[in-house]
Amino acid sequence: MKQATKVTIINDPIYGFITIPNGVIFKLIQHPYFQRLRRITQMGLSYLVYPGAHHTRFHHAIGCLHIMQKALTTLKNKGVVISKEEEEATLIAILLHDIGHGPFSHAMEESIIENVHHEQISIAFMEALNREFNGSLTLALQIFQGTYTRKFLNQLVSGQLDMDRTDYLKRDSFYTGMAEGNINTDRIIAMLNVFEDQLVVEEKGVYTVEKFLVARRLMYWQVYLHKTGVVAEQLITRVLKRAKEVSHNGVDLPASTALSYFLKNKIDQDNFKDALDTFSKLDDYDIISAMKEWCYTDDFVLSELSKSIINRDLLKVKIRKKPFSEEKKQKHIDTLTQQYDITPYEASYFVFTGKISNQGYNYTQGGINIVLPNGKIVDVVKASDQLSLKSLTKEVVKNYMCYPKPKD
């Protein structure tokens, strides 16, 4: 009698039971590189605004794997020929699409690592795993990088209506409690098809796509670009930047072995691959633990920035359409230099301006194609009778200025 194959099941709060395929996908999930994602929050410091937003990159990656399984099954049921090798490779590509994220998402990319984007790091991890798994990820890498001949597979991994966005909108909506972002993933997947090697949505799914695009716009303004979240991300970036400066000035800051390595060494595109294994040991816990210690360091800037995040005593932030004048910014800098006897450069860590932008739909990057009953392909903006969809194609830019709250 043939023994039943053991199946691994994960209970997810969004989709219920998720079945993990045996073989290379199960082994990849078990790998320390992937397990690290359990210790990296999906939304950085957004939990300072939405207390429930403690879900991780691990949650998100497993969710993406699940809905990609459903999407590929839907397409195969509609007659799209997808080989077992292509199916496994697409599942691997979506599973590992965020494996390159560092602690608190983008904070490291703009501070202690120079000009190395998280997608480049994801590719470096996938290449390392490909060597370890004897070439099993070669096709997955091609799909992830968009070089494979069947373009719709890449569009499922990275596009305007990919499984990445489909999961994070629903998941982030759930954990933040923002109902506006709750999209119908089942309906989106049920409406997918392939036409002339392009991913398309059947005409009856146009309203579901409209809801998806509007939900994405609302989530960006209300969650991802929430002003408190913006200032928190800026602060943690500045904490790491200052820590690197202090380290380069010969101060031995308390930090984990992995974090110390990145504080003391210049890491950029030329030598990042040599630092990949050390990077794989970095997660949110390294940064939080270090900041708790840095609250008591002699460096005023590093100490105050660390306290600001640890105690959630954040900078004041103003957002408006018009840019802020240099005079206004300088006034706040002058106040700080006099109040704390610090240099204008040190004061600039606490007083700064910037821009945030939101473009709900960018049709120049492939767009979302609707297939009409007569076989004609049109962009969702043309297929929709919702006039507001056209406005989503315009980039909206807002300016912000951060500065310390006046002391009582």
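So, here is what we can say about the structure in this document. (Residues numbered from 1 in each chain as written. Predicted model: local features only at pLDDT ≥ 70, side-chain atom pairs only at ≥ 80, totals over all residues. Heavy atoms only, no water.)

**Some points on the pattern of salt bridges**
Then, in step 1: In total, this model carries 15 salt bridges according to the counting rule given.
Then, in step 2: A salt bridge links Lys76 to Glu87, with the nearest nitrogen and oxygen atoms 2.7 Å apart. Of this pair, Lys76 sits in helix H3 (residues 57-77) while Glu87 is found in helix H4 (residues 84-95), placing the two residues 11 residues apart along the sequence.
Then, in step 3: Residues participating in the shared-partner salt-bridge network are Arg242, Glu245, Asp299 and Glu346. (Salt bridge = Lys/Arg side-chain N within 4 Å of Asp/Glu carboxyl O. Helix = DSSP H or I, 4+ residues; strand = E, 2+ residues; numbered from the N terminus.)

**A short note on the sheet that holds strand S9 (residues 396-403)**
Then, in step 1: Read across the sheet, three strands follow the order S5-S9-S6 without closing on themselves; strand pairing throughout is antiparallel. Each edge of the sheet is formed by a strand with only one pairing partner; in this case those strands are strand S5 (316-320) and strand S6 (352-358). Averaged over all pairs of adjacent strands, the angle between strand axes in this sheet comes to 25 degrees, irrespective of strand direction.
Then, in step 2: Looking at chain direction, S5 and S9 are connected through five bridges and run antiparallel. Within S9, the position partnered with Arg320 by the bridge is Asn399.
Then, in step 3: In the packing of helix H16 (residues 326-340) onto the sheet, contacts are made with S5, S6 and S9, and the angle to S9 comes to roughly 25 degrees. (Pairing = 2+ DSSP bridges. Axes fitted to C-alpha atoms, helices over the stretch in contact; angles between N-to-C directions. Contact = heavy atoms within 4.5 Å.)

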